[in-house]
Structures are given as C-alpha cells and as structure tokens.
Amino acid sequence: MVEGSDRQLQPGTLYLVATPIGNLADITLRALEVLRAADVIAAEDTRHTRKLLSAHGVHNRLLSYREHNHEAATRQVLGMLEEGKTVACVSDAGTPGLNDPGQRLVQRVLQQGLEVVPVPGPSALLAALVASGLDCANFLFLGFPPRRPEALREQLEQVSQLPATLVFYESPRRLADTLAALAATLGPRPAVVARELTKLHEQFLRGSLEQLAERFAGQEPRGEVVVLVAGSKRQRPRLELSGELKQLADAALRGQRLGTSQLAGLLSRLTGNKRRELYDWLSRLRREHEQ
Ligand code: SAM
C-alpha cells in the first residue's frame, strides 16, 4: 500500500471523489479505493455510476443524490455520517461540487460540523484550461453563464477589464448564442471552445471570439463544451499627475499649511465632490484636530 492510503477511511466523513469526464481510464487508484471502502456511494445518476464502477470491478451500495431529491438525500447522508459511516459522493462526471449538486451537500455537511475530504482527479475546467494555450496563472471560472441576455451582458461587463482567462461551462444547445454575446460584449479576443474532452472526438477550436461565434452560428455541436476567453490586455491607466495633485504633494512635502477654502477647491477638482460639502467636512476635521 502507498503512503496515505484510504483503505481505512475516517468515520463520519464525506469523500468527494472525482470520476472520469469521458475516458473511463481517467480514475485514480485512490478514487477506486475510496469507492470500494465507503459504506455508501451518493451518485447523481446511479445507472451511469454503476457502469463506471462495474468497469473497474467495484460493487458497492449506491444512493441517488440529485437535484430533485437533494433535501431527502441530504438528510439521509447526514444521518449516516452522524452514525459514523463513510459516504463517497460522485457526480455524473468530473469533480463533484464543481457546478453539480455536490456543492450543496458539502455546505450542509460542514454546517453539521462533519468532515469533508477531497479525492482529486478529472475536471473539465482544468483539462480545458491547461490545453487551451491561454493564461493559466490567472483565470476566473464562471460556471454556466446566465440565461437571460440582460444578466449575461451585466456579468460580462463586470469581468470585461480583468486580466484573467474567463472559463465557462455551456450546453451545446446554447453555445452559438453565448459565443455571439461574448463577441458582442468583449470584442475580438482570442478564445477556445474545448469539446468532448478526453473522448474519441476531443477537439480544441481556437480563434477570435468573432470567428468562433461565426463558426458555430445556427449550429449545435455534438457533445459537451467548455468555453475559454483570453483576459483583458488593457493596461491600467497611468496615474495622471494633475496640477491639483502636484499642488497638494508640494504642500505636504514642504509641511505647508493650506487654507480650508484652498484645500476644498483642490479636493473638489480632484474628486468631483461639491466644494461646499468638502469645505464643511474639512472645517469639522480641522476643529477635531484643534481640540
Ligand atoms: N463536475 C464537472 C467537472 O468537474 O467538470 C462538471 C459538471 S457540469 C454539470 C457539466 C459541464 O461540464 C458540461 O456542460 C460541460 O460544460 C463540462 N464538461 C463536462 N465534461 C466535459 C467534457 N468531456 N468535455 C467538455 N466539457 C465537459
């Protein structure tokens, strides 16, 4: 056995076990150990998970944990953990908790003061990011984009200036509309559509957002996709050394005392606040200092 083996699981613990996102061989030795040793496996789709387990010779008890039964299933899982049992949570694909019902379960388990242990492995997010060729050191994962065009535009405007790769999950049905919205809001940036990761027809389509939007217009690609967009290249604006700023800096460096009215005028021009309000504020401040 290797050091750190999980054959002896910690009682009363929820294990988040990553499973393949396509290629059945993408499962770690530790994941298989935990899936064998846990008292029960909470799975999003028990039929789907049973196929994966059979392929690896794992025969264990399964419990359905999906969006529509999550309240009853959560109570069941919490009850088992409180009795000191161990539960392995798996999603349909990849790392449970990353945009699937696992996230809610983790929060409830932690609220009860119980333990959560990750068993890392595949995730579409990281597989797509590392092979995209875009910046991996700075990235922002945004999950599934909002469906309402207005909400999507708002989200994109909030992140449009960030110098970080933007990563989205998307359904093939909505891909064309999402690419069109990205191109319209973010402009001609490099982007990648990563399709069918780890599967037979894995594909990375690279181009500008406009080219990709055009490529997929009116089309629904087969299989699952991740969309990645290069971060903003815009440099921070250089500090504008205005005359007012220089006057203030000069006075501070010389230890010179500026009159309330003069200071209010300078600050008003620098900040856009009303001169009268600044005057009153500075007068109060001055009185406090003189007390
Ligand atoms: N928990 C999963 C993970 O770790 O990646 C993600 C679950 S989320 C409900 C499903 C989304 O992940 C899909 O809509 C797609 O955007 C992405 N995805 C999952 N498998 C993929 C694959 N093989 N190729 C491309 N995208 C994939």
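All of the points below concern the structure found in this document. Keep in mind that this is a model prediction, so the values were computed, not measured. (Residues numbered from 1 in each chain as written. Predicted model: local features only at pLDDT ≥ 70, side-chain atom pairs only at ≥ 80, totals over all residues. Heavy atoms only, no water.)

What to know about the site of the ligand
At step 1: Taken together, 19 residues sit near the ligand, with Ile21, Thr95, Ala124, Tyr169 and Val225 positioned nearest.
At step 2: Between Ile21 and the ligand, the recorded distance is 2.8 Å, taken from a backbone N or O atom to a nitrogen atom.
At step 3: At 3.0 Å from a nitrogen atom of the ligand is found a main-chain nitrogen or oxygen belonging to Leu98.
At step 4: Here the ligand, which alone exposes 570 Å², has 90% of that area covered by the protein.
At step 5: Mapping the ligand onto the cavity grids shows that it belongs to the largest pocket. (Near = heavy atom within 4 Å. Polar contact = N/O pair within 3.5 Å; in protein donor to acceptor, adjacent residues only side chain to side chain. Areas by Shrake-Rupley, 256 points an atom, 1.4 Å probe, with all protein chains shown as cover. 1 Å grid on protein atoms, 1.4 Å probe; cavity = no way out; pocket = protein on both sides within 12 Å on 5 of 7 lines; lining within 4 Å. Sits in = over half its atoms within 2 Å of the grid points.)

Some thoughts on the layout of surface pockets
At step 1: In this structure, the largest pocket encloses a volume near 550 Å³.
At step 2: In terms of lining residues, the largest pocket is bounded by 27 residues, among which Ala93, Ala124, Phe144, Tyr169 and Glu224 are the most central.
At step 3: For the lining of the largest pocket, the secondary-structure elements that each account for two or more residues are β7 (165–170), β8 (190–195) and β10 (225–229).
At step 4: Class assignment for the residues of the lining of the largest pocket results in 12 nonpolar, six polar and nine charged. (Points joined across faces, edges and corners; volume = space filled by probe spheres on them. Helix = DSSP H or I, 4+ residues; strand = E, 2+ residues; numbered from the N terminus. Nonpolar A, V, L, I, M, F, W, Y, C, P; charged D, E, K, R; others polar.)

Observations regarding the pairing of β8
At step 1: Within β8, five of the six residues are buried, which leaves it mostly tucked inside the rest of the structure.
At step 2: Looking at chain direction, β8 and strand β9 (residues 203–208) are connected through six bridges and run antiparallel. The partner of Ala194 across the bridge, within β9, is Phe204.
At step 3: As defined by bridge partners, β8 adjoins β10 across five bridges and the pair is classed as antiparallel. Its bridge partner lying in β10, Arg195 is registered against Val225. (Buried < 20%, exposed > 50% of the residue type's maximum accessible area, 1.4 Å probe, protein only. Pairing = 2+ DSSP bridges.)

Considerations on the packing of aromatic side chains
At step 1: Following the criterion strictly, the structure yields two aromatic pairs and no others.
At step 2: For the pair Phe141 and Tyr169, a centre-to-centre distance of 5.0 Å together with 70° between the ring planes defines the contact as edge-to-face. Highlighted residues: Phe141 in strand β6 (residues 139–141) and Tyr169 in strand β7, separated in sequence by 28 residues.
At step 3: Given a relative accessible area of 22%, Phe141 falls into the partly exposed group.
At step 4: Exposure remark for Tyr169: the relative accessible area of 10% places this residue in the buried category.
At step 5: The interplanar angle of 65° and the centroid separation of 5.9 Å between the aromatic rings of Phe144 and Tyr169 together place this pair among those described as edge-to-face. Here Phe144, found in the loop between β6 and α6 (149–159), pairs with Tyr169, found in strand β7; they are 25 residues apart in sequence, far enough to count as distant.
At step 6: Residue Phe144 is classed as partly exposed on the basis of its relative accessible area, which comes to 45%.
At step 7: One aromatic cluster is present, formed by Phe141, Phe144 and Tyr169 through successive ring pairs. (Phe/Tyr/Trp six-rings, centres within 6.5 Å; stacked < 30°, edge-to-face > 60°.)

Focus: the pattern of salt bridges
Between side chains of opposite charge, a pair can form when the charged atoms approach closely.
At step 1: Applying the stated criterion across every chain yields a total of 10 salt bridges.
At step 2: Between Glu71 and Arg75 there is a salt bridge, with its nearest N and O atoms 3.6 Å apart. Of this pair, Glu71 and Arg75 are both found in helix α3 (residues 70–82), four residues apart, which corresponds to roughly one turn of the helix.
At step 3: Between Glu224 and Lys199 there is a salt bridge, with its nearest N and O atoms 3.4 Å apart. Residue Glu224 is found in the loop between α8 (209–216) and β10, and its partner Lys199 is found in the loop between β8 and β9; the two are separated by 25 residues along the sequence.
At step 4: Under the relative-accessibility criterion, Lys199 is labelled partly exposed at 29%.
At step 5: Through salt bridges with shared partners, a single ionic network connects Glu71, Arg75 and Arg108. (Salt bridge = Lys/Arg side-chain N within 4 Å of Asp/Glu carboxyl O.)

Looking at α8
At step 1: Along α8, the residues that are buried comprise Leu209, Leu212, Ala213 and Phe216. Taken around the axis of α8, the buried residues stretch over an arc of 100°, which confines them to a single face.
At step 2: The secondary structure elements touched by the buried residues of α8 are α7 (175–186), β8, β9 and β10. (Arc of directions from axis to C-beta. Contact = heavy atoms within 4.5 Å.)

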